[in-house]
Amino acid sequence: MNPWLAELIGTAIMIYLGSAVVANTILDKTKGKGGGIIVIALGWALAVMIPAIIFSGISGAHFNPALTLAIAMNGGVYWHYVPMYVLAQFVGAAIGATLTWIQYKDHFDITEDKDAKLACFSNSPAIKNTPINLISEIFATFLLVFTLIGIENQTFAYGTNFFALGGIILAIGVALGGTTGYAINPARDLGPRIAFVFFKIQNKPSANWSYAWIPVIGPLIGAVLAGFLVGVLF
């Protein structure tokens with residue numbers, strides 16, 4: 001399989017599972033209504049881990065432009081592959097969000113909370129404080145990228161590295177997700193946010209474009225810092 005196709009499909013699976021667990025937890029009249037942050041964080045950890053198991057041997061299972069950038073900085077992927085990887089990740093993210101909208105369309109339509117509808121696809125701050133919101137995304141993404149690249153430099157029994165991957169996603173979610181919802185991935189936020197504009201949902205809110213730059217710029221800064229430190233240490 002072409003590695004760019006693997007990135008597209010893998011990202012679509014990740015976003016479908018991740019955005020769907022949020023929808024199942026916060027939309028009205030779902031079976032999982034009220035599941036809370038632990039369910040969401042665990043769901044996202046599995047959402048990242050499952051496609052990584054499938055596609056890691058094909059594309060490296062980045063599914064994240066920030067991670068792709070940091071890996072390229074350290075020679076793990078050729079720079080001329082980066083634009084196609086990133087494009088595939090954004091397209092895959094939009095597809096995954098669309099699948100969630102289709103599956104939960106009835107629940108989107110009957111949910112009165114406008115913020116909950118957008119929250120299934122994109123992030124917003126618990127307390128709006130632009131510098132802190134940006135720093136939160138930088139710190140969380142730095143930890144993610146540094147850990148994932150560090151994992152690649154360790155020796156694991158076959159398959160156990162994927163549990164380490166799921167573990168760091170879960171840890172970030174429960175520890176650092178309370179401020180901004182831990183986008184830690186520009187495609188994970190911006191791809192679904194763009195797709196959200198085209199979804200037909202009753203009483204739909206705006207896509208909150210004034211905040212949209214933070215889940216893009218913050219993860220990119222965090223990834224560059226992590227990539228630089230990895231290059232120094234390893």
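For the structure, check the block above.
Computed from a predicted structure; not experimentally measured.

*Asks:* Residues and numbers for the packing of aromatic side chains, please.
*Replies:* For the structure on display, the rule yields nine aromatic pairs. With 4.8 Å between their ring centres and 5° between their planes, tryptophan 101 and phenylalanine 199 make a pair best called stacked. Of this pair, tryptophan 101 sits in helix H4 (residues 82-103) while phenylalanine 199 sits in the loop between helix H9 (186-198) and helix H10 (214-233); the two residues are 98 residues apart in sequence, bridging distant segments of the chain. Ring plane angle 45° and centroid distance 5.8 Å describe the contact between phenylalanine 121 and phenylalanine 196, whose orientation is recorded as tilted. One end of the pair, phenylalanine 121, is in the loop between helix H6 (114-119) and helix H7 (130-152); the other, phenylalanine 196, is in helix H9, with 75 residues separating them in the sequence.

*Asks:* Hey, could you go over the nonpolar core for me, with residue numbers and the actual values?
*Replies:* With 57 residues, the main nonpolar core has Trp44, Phe108, Phe121, Ile169 and Phe199 as its most contacted residues. At the level of elements, helix H1 (3-26), helix H2 (36-59), helix H3 (65-73), H4, H7, helix H8 (160-180), H9 and H10 are the ones that each hand at least two residues to this core. The dominant element in this core, judged by the number of residues it contributes, is H2, at nine residues. What phenylalanine 108 contacts, discounting residues up to four positions off in sequence, is Leu27, Thr100, Trp101, Lys117, Cys120, Phe121, Ile201 and Gln202.

*Asks:* Could you give an account of the environment of leucine 46, naming the residues involved and the relevant values?
*Replies:* Its location among the elements puts leucine 46 in helix H2. Along the primary structure leucine 46 and isoleucine 13 are separated by 33 residues, whereas in three dimensions their C-alpha atoms are 11 Å apart.

*Asks:* Summarise the side chain of arginine 193; cite the residues concerned and give the values.
*Replies:* Note on placement: arginine 193 falls in helix H9. Using a relative accessible area of 0% as the deciding quantity, one classes arginine 193 as buried. Of the polar contacts made by the side chain of arginine 193, one reaches the backbone oxygen of alanine 207; its length is 2.7 Å. Looking at arginine 193, its side chain comes within polar contact range of the main-chain oxygen of asparagine 208, at 3.3 Å. Apart from the residues within four sequence positions on either side, arginine 193 is in contact with Leu118, Ser122, Asn123, Ala207, Asn208, Trp209, Tyr211, Ala212 and Pro215.

*Asks:* An account of H3 is needed here, citing residue identities and associated values.
*Replies:* Counting buried residues in H3 gives seven out of nine residues, a clear majority hidden from the surface. Its buried side turned inward, H3 meets H4, H7, H9 and H10. By the N-cap criterion, in which a side-chain oxygen at the helix start approaches the backbone nitrogen of a residue two or three places on, H3 is capped by asparagine 64, the distance to alanine 66 being 2.9 Å. Backbone geometry just after H3 places glycine 75 at a positive phi near 80°.

*Asks:* Mind laying out H9, listing which residues take part and the relevant values?
*Replies:* For H9, built from 13 residues, the straight-helix expectation of 18 Å at 1.5 Å per residue is met to within 8% by its first-to-last C-alpha distance of 19 Å. Contacts made by the buried residues of H9 are with H1, H2, H3, H4, H6 and H10.

*Asks:* If you had to explain unusual backbone geometry to someone new, which residues and values would you point to?
*Replies:* As a rule of thumb, non-glycine residues mostly have phi less than zero, and peptide bonds are mostly trans rather than cis. If you check the backbone angles, lysine 29 has positive phi at about 60° while not being a glycine. Its location among the elements puts lysine 29 in the loop between H1 and H2. Classification of lysine 29 as exposed rests on a relative accessible area of 70%. The phi torsion at isoleucine 184 lies on the positive side, around 45°, for a residue other than glycine. You can see isoleucine 184 is positioned in the loop between H8 and H9.

About the cut-offs
Residue numbers run consecutively from 1 along every chain, following the written order of its sequence. pLDDT decides what is reported in this predicted model: residues at 70 or higher carry local features, side-chain atom pairs at 80 or more are listed and counted, and totals for whole chains, interfaces and linings draw on all residues regardless. Excluding hydrogens and water, the side-chain values take into account all heavy atoms of the structure. Two rings from Phe, Tyr or Trp (for Trp, the six-membered ring) form a pair when their centres sit within 6.5 Å of each other. Planes less than 30 degrees apart are called stacked, planes more than 60 degrees apart edge-to-face, and all others tilted. Only DSSP runs of H or I covering at least 4 residues are called helices, and only runs of E covering at least 2 are called strands; the numbering of each starts at the N terminus. The nonpolar core is taken to be a set of buried Ala, Val, Leu, Ile, Met, Phe, Trp, Tyr and Cys residues, with the residues joined through side-chain atoms within 4.5 Å. Here's how the labels work: a residue is buried when its accessible area is under 20% of the maximum for its type, exposed when over 50%, partly exposed in between, all with a 1.4 Å probe on protein chains only. Contact definition: two residues touch when any of their heavy atoms are within 4.5 Å. Identification of polar contacts relies on pairs of N or O atoms within 3.5 Å, with a donor-acceptor requirement for protein atoms, meaning one able to donate a hydrogen and the other able to accept it, and with residues adjacent in sequence counted only if both atoms are side-chain atoms. Expected span of a helix, by definition, is 1.5 Å for each gap between consecutive residues, and there is one gap fewer than residues.

These results come straight from atomic positions and should not be treated as a statement about function.
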